[in-house]
Amino acid sequence: MKHLYLHIPFCHRRCSYCDFNTYANMESRIETYVDALCAELAMLAAEPQPAPPLSPEAAALRPTIFLGGGTPTMLTLAQMERVLAAAAAVVPLNGAEITCEANPGTVLERDYLRGLRGMGINRLSMGVQSLHDPTLRVLGRIHTAEEARRSFEDARAAGFANISLDFIFGLPGQTLEQWEHTLETIVTWGPEHFSLYALILEERTPLYAQVTAGRVSVPDDDATAAMYEAAMERLDAAGYEHYEISNWTRGQPCHHNLAYWLNSDYLAAGAGAHGHVYPRRYCNMPGIDEYIRAVQARRRPIAETTTLTPTDLEAETMMMGLRLSRGVGFEHFAARCGRPLEVAYGPTLHDLAARGLIEQNEGRVRLTARGRMLGNRVFERFV
Ligand code: SF4
């Protein structure tokens, strides 16, 4: 298998907007969890995996391992090393893009960062989210803007030459001027990659409750759209390529996420992790203890499996691929789905092009500027 996601479901405390599968105050379980994760990886390594033909685009991706969470940087270096050694039996580390999500509140030690780099982790994805300390407090983040900047510099000093920064816009109380100031500042840091997301108010989060109760206000859709436009303009001026709806890079796109956008197969391990090996998608048990118990009983800790039809595969290949600025390649679609794009969606493509929402050239179909603004209307045509 070429791509592997590993979920580390621990956080020091829950951020107010987060609905990820992650748990606070469970530090005592980390060592046992790491044992279970390594055992699950051994099970995955022992299973034969299908090797479907890849399009040139998918074949060109590096192998990838992505340590996400939660907060993977809550693992000690020794625990991280054990996880990587177990992962190496699934995806060879040599030549792989190995990303670790990093919370600036946990990675201030340079020795720790050097240790991560030294064991082969070659990409850091740092969740900074905001440079406004009062907002960081509302979000429940455990770091200040200054700590985030120091973590970034420490990561550079530790030898990380591929760093991605995550920010959120449309935050409580955020103004366009504040966001523009943030953009001005972060381009001077010079990371290789940015992921910028509009705030999504997820039900069952404390922030959702605060906003719906009127205690906290967030910018409206127009103001949030203006922030997105500002990001496109500023990052374009700074030489970043806007290669996916929420992602920009200077020469180092995230190969792991490209695998998702190409609708490639990938394995996933860890509590609540989702994997996709066509024709099946699976989701692991979300609870830390149920996950550990299943693995200790030598069972795959799968909570749910969905069988995908060829129609599902085609729809997902379009919906994921159209997120990319370069769109979906006809050659890629045919290699992944087994029949030509025109045969699967000829009339739909014709109609969307007539409405100015997509365009076709050089063997690819992509969203127009108007299509990007109305992305959901395009995506629903492929379901
Ligand atoms: S650090 Fe990340 S995963 Fe953990 S609670 Fe905050 S947003 Fe969620």
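Keep in mind that what you see is a predicted model, and the values were worked out from it rather than measured.

Q: Go over the pattern of salt bridges with me, naming the residues and quoting the values.
A: Overall, the coordinates contain 19 salt bridges when judged by the stated rule. In this structure, Asp 351 and Arg 355 form a salt bridge, with 3.0 Å as the shortest nitrogen-oxygen distance. Linked by salt bridges that have partners in common, Glu 146, Arg 149, Arg 150 and Glu 153 make up one network.

Q: Before we move on, could you go through the environment of Cys 283 and cite the residues and values that matter?
A: Looking at the element boundaries, Cys 283 is found in strand S13 (residues 280–284). Classification of Cys 283 by relative accessible area gives buried; the value is 19%. C-alpha separation for the pair Cys 283 and Ala 273, spaced 10 residues apart in sequence, amounts to 5.8 Å. Other than its neighbours up to four places away in sequence, Cys 283 contacts Gly 272, Ala 273, His 274, Ile 302, Ala 303 and Glu 304.

Q: Account for the sheet that holds strand S1 (residues 3–8), with residues named and values stated.
A: Across the sheet, 9 strands lie side by side as S9-S10-S8-S7-S6-S5-S4-S1-S11; this open sheet has mixed pairing. Each of the sheet's edge strands pairs with one partner strand only, and the pair in question is strand S9 (241–244) and strand S11 (267–269). Adjacent strand axes in the sheet meet at a mean angle of 20 degrees when their direction is disregarded. Docked against the sheet, helix H6 (residues 145–157) engages strand S6 (123–129) and strand S7 (163–169), running at close to 170 degrees with respect to S6.

Q: Describe the domain arrangement of the chain, and please don't skip the residues or the numbers.
A: Considered domain by domain, the chain is made up of domain 1 (3–261) and domain 2 (310–382). Put simply, the middle of domain 1 and the middle of domain 2, counted by C-alpha atoms, are 28 Å apart. Taken together, the contact pairs 16 residues of domain 1 with 15 residues of domain 2. The three residues of domain 1 that bury the most area against domain 2 are Glu 57, Ile 245 and Trp 261, which together make up 41% of that side's buried surface. Residues Glu 244 and Arg 323 are paired through a salt bridge, measuring 2.5 Å at the closest nitrogen-oxygen approach. Where domain 1 meets domain 2, there are 9 residue pairs in polar contact (both at pLDDT 80 or more). Looking at the side of domain 1 that touches domain 2, the elements with two or more residues in it are helix H2 (56–59), S9 and helix H10 (255–261).

Q: Quick one: what's the story with the sheet that holds strand S14 (residues 302–307), residue by residue and with numbers?
A: Across the sheet, 3 strands lie side by side as S12-S13-S14; this open sheet has antiparallel pairing. Each having just a single partner strand, strand S12 (274–277) and S14 make up the two edges of the open sheet. Averaged over neighbouring strand pairs, the angle between their axes works out to 20 degrees when direction is ignored. With 5 bridges joining them, S13 and S14 adopt antiparallel strand pairing. When the bridges of S14 are listed, Asn 284 appears paired with Ile 302.

Q: Give me the pairing of strand S4 (residues 64–69): which residues, what numbers.
A: When you tally the buried positions in S4, you get 6 out of 6 residues, the bulk of the element. The sheet contact formed by S1 and S4 spans 6 bridges and is parallel. Bridge assignment links Leu 4 to a residue of S4, and that residue is Ile 65. By the bridge criterion, 4 bridges tie S4 to strand S5 (residues 97–102) in an arrangement that is parallel. Note on S5: the bridge partner recorded for Phe 66 is Thr 99. With helix H3 (residues 77–87) bridging S4 and the parallel S5, this β-α-β connection has right-handed handedness.

Q: Provide a residue-level description of the side chain of His 256, including the pertinent values.
A: The residue His 256 is located in helix H10 in this model. In terms of polar contacts, His 256 uses its side chain to reach the side chain of Thr 64, at 2.8 Å. Ignoring anything within four residues of it in the chain, the contact list for His 256 reads His 3, Leu 4, Tyr 5, Thr 64, Phe 66 and Glu 97.

Q: I'd like to hear about unusual backbone geometry, residue by residue, with values.
A: Note that the residue after Gly 69, namely Gly 70, is joined by a cis bond; omega there is 15 degrees. Take Gly 70: it is sitting in the loop between S4 and H3. With an omega of 15 degrees, the peptide bond between Tyr 278 and Pro 279 qualifies as cis. Note that Pro 279 resides in the loop between S12 and S13. Positive phi outside glycine occurs at Asn 25, with the angle close to 60 degrees. Structurally, Asn 25 can be placed in the loop between strand S3 (23–24) and helix H1 (30–46). Phi at Arg 204 takes a positive value of approximately 70 degrees, unusual for a residue other than glycine. Residue position: Arg 204 is located in the loop between strand S8 (193–198) and helix H8 (206–212). Judged by its relative accessible area of 80%, Arg 204 falls in the exposed class.

Thresholds applied
- Residues numbered from 1 in each chain as written.
- Predicted model: local features only at pLDDT ≥ 70, side-chain atom pairs only at ≥ 80, totals over all residues.
- Heavy atoms only, no water.
- Salt bridge = Lys/Arg side-chain N within 4 Å of Asp/Glu carboxyl O.
- Helix = DSSP H or I, 4+ residues; strand = E, 2+ residues; numbered from the N terminus.
- Buried < 20%, exposed > 50% of the residue type's maximum accessible area, 1.4 Å probe, protein only.
- Contact = heavy atoms within 4.5 Å.
- Pairing = 2+ DSSP bridges.
- Axes fitted to C-alpha atoms, helices over the stretch in contact; angles between N-to-C directions.
- Domains from an automatic or database assignment.
- Buried area = accessible area lost by both parts, 1.4 Å probe.
- Polar contact = N/O pair within 3.5 Å; in protein donor to acceptor, adjacent residues only side chain to side chain.
- Right-handed = clockwise from strand over helix to strand, strands pointing away.

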